[in-house]
Amino acid sequence: MSEASSTGSVLELSFHMGQTLLENGAEISRVQETMERVARAYHAEEFNVYVLTNAVFAVGVENGTERRMELKHVPASTIHFGRICAVNQLSREISQGKHTVEEALARLEEIRNLPYSFLPLSIFACAVGSAAFSFLFGGSGWDALTAFICGLMLESFLYWTGKRKLSKFLTNLSASALVTLLAFVLLLAGLGQNLDKIIIGSIIRLVPGVALTTSIRDFFHGDYLSGTIRMIDALLVGGCIAVGVGVVVRILSTLTGGALL
């Protein structure tokens with residue numbers, strides 16, 4: 001990132017607010033609108049911004065001086081709706097004249113440091129969600145219990161891979177394979193009844209629903225390039241999940257003659 005701005009710059013504030021939104025999963029139109037709103041609120045003489053799925057470019061004139069900021073790459077990270085909501089609220093307060101630029105920058109730094117959910121809570125929520133979806137898709141109570149255990153292992157595995165910066169596609173491929181293998185082992189131990197219902201409920205955590213929904217919203221707002229990028233990303237992730245499950249099921253089917261599948 002290159003920046004020609006001093007501390008307290010309107011462009012700097014607008015740029016980092018947009019960066020925070022983009023890093024945490026906001027759609028392109030929201031990012032651009034927020035940045036432009038902040039620039040107007042502080043009466044920037046001129047402001048132009050171009051936002052892509054993984055990049056932000058901003059040019060503005062402030063106090064008679066042209067300033068440029070470029071972020072050539074915004075890595076995709078875990079979705080954090082709390083940060084998105086907090087930035088949206090901050091932009092509204094800025095529009096109402098409640099903050100100076102320095103105060104807004106300090107508040108933004110607090111928002112960017114908002115933690116993710118407490119790990120045990122995330123693991124438990126994943127387990128409950130897996131069990132609920134397994135039951136919703138027609139599984140029995142035992143299937144839901146098995147999916148609950150798979151959910152516990154899945155979220156723990158995702159936390160482990162996240163710490164080691166494993167690629168998104170390799171993470172989804174290995175996680176879906178792990179869930180399928182674990183479901184088979186538990187079924188073999190007599191805990192579940194329907195392998196397909198257990199797997200379906202357990203892999204819901206991996207489904208890229210937010211990316212897919214955001215890509216559609218980008219299309220509706222005319223951001224076709226960003227919408228296409230996110231759509232392709234969602235399809236590739238879905239493909240990795242399908243391959244992870246399919247390969248393990250195929251191997252297990254060959255080994256068991258399809259008796260438990």
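The structure this text deals with has already been given above.
Described below are features of the structure shown in this document. Just so we're clear, the structure is a prediction, and the values are computed from it rather than from any experiment.

Moving on, we come to the packing of helix α7 (residues 168-188) against helix α10 (residues 224-256). Two elements in contact, α7 and α10, have axes separated by 8 Å at closest approach and are oriented at 35°. The two elements α7 and α10 cross, and the hand of that crossing is right-handed. In this structure, α7 uses Lys168, Phe169, Asn172, Leu173, Ser176, Ala177, Thr180, Leu181 and Phe184 to contact α10, whose residues at the interface are Asp233, Leu236, Val237, Cys240, Ile241, Val243, Gly244, Val245, Val248, Val249, Leu252 and Thr256. Residue composition of the contact of α7 with α10, by class: 14 nonpolar, five polar and two charged.

For the rest of this paragraph, the subject is the pairing of strand β3 (residues 55-62). The buried fraction of β3 amounts to six of the eight residues, a majority that puts the element mostly inside the structure. In the sheet, strand β2 (residues 46-52) pairs with β3 via seven bridges, with the strands oriented antiparallel. Note that in β3 the partner of Val49 across the bridge is Ala58. As consecutive antiparallel partners, β2 and β3 are separated by two residues.

Compared with the 16 Å implied by 1.5 Å per residue over 12 residues, the 16 Å span of helix α4 (residues 101-112) between its first and last C-alpha is a close match. Burial in α4 covers these residues: Val101, Ala104, Leu105, Leu108 and Ile111. Each buried residue of α4 sits inside an arc of 115° when the element is viewed along its axis, so together they form one side. In this structure, the buried residues of α4 make contact with α1 (10-23) and α3 (81-95).

Thresholds, definitions, all that
All residue numbers refer to position in the chain's written sequence, counted from 1. Local features in a predicted model are, by the rule used here, given only for residues with pLDDT of at least 70; side-chain atom pairs are given and counted only at 80 or more, and totals for whole chains, interfaces and linings are based on all residues. Note that water and hydrogens are dropped before the side-chain values are worked out from all heavy atoms of the structure. To get an axis, fit a line to the C-alpha atoms, keeping to the stretch in contact for a helix; angles then go from 0 to 180 degrees between the N-to-C directions. Helix and strand definitions here come from DSSP, where helices need a minimum of 4 consecutive H or I residues and strands a minimum of 2 consecutive E residues; each element is numbered from the N-terminal end. Handedness of a helix crossing follows the sense of rotation of the near helix relative to the far helix, less than a right angle counterclockwise being left-handed and clockwise being right-handed. Note on contacts: a residue pair qualifies if any of its non-hydrogen atoms lie within 4.5 Å across the two residues. Under this grouping Gly is polar, as are all residues other than the nonpolar Ala, Val, Leu, Ile, Met, Phe, Trp, Tyr, Cys and Pro and the charged Asp, Glu, Lys and Arg. Each residue is assigned to one of three classes by its accessible area relative to the maximum for its type, calculated with a 1.4 Å probe on protein chains only: buried under 20%, partly exposed between the two thresholds, exposed over 50%. The pairing criterion for strands is at least two bridges between them, as found by DSSP. Helix span, as expected, comes to 1.5 Å for every residue beyond the first. In this description, one arc is meant: the one made by directions from the helix axis to the C-beta atoms.

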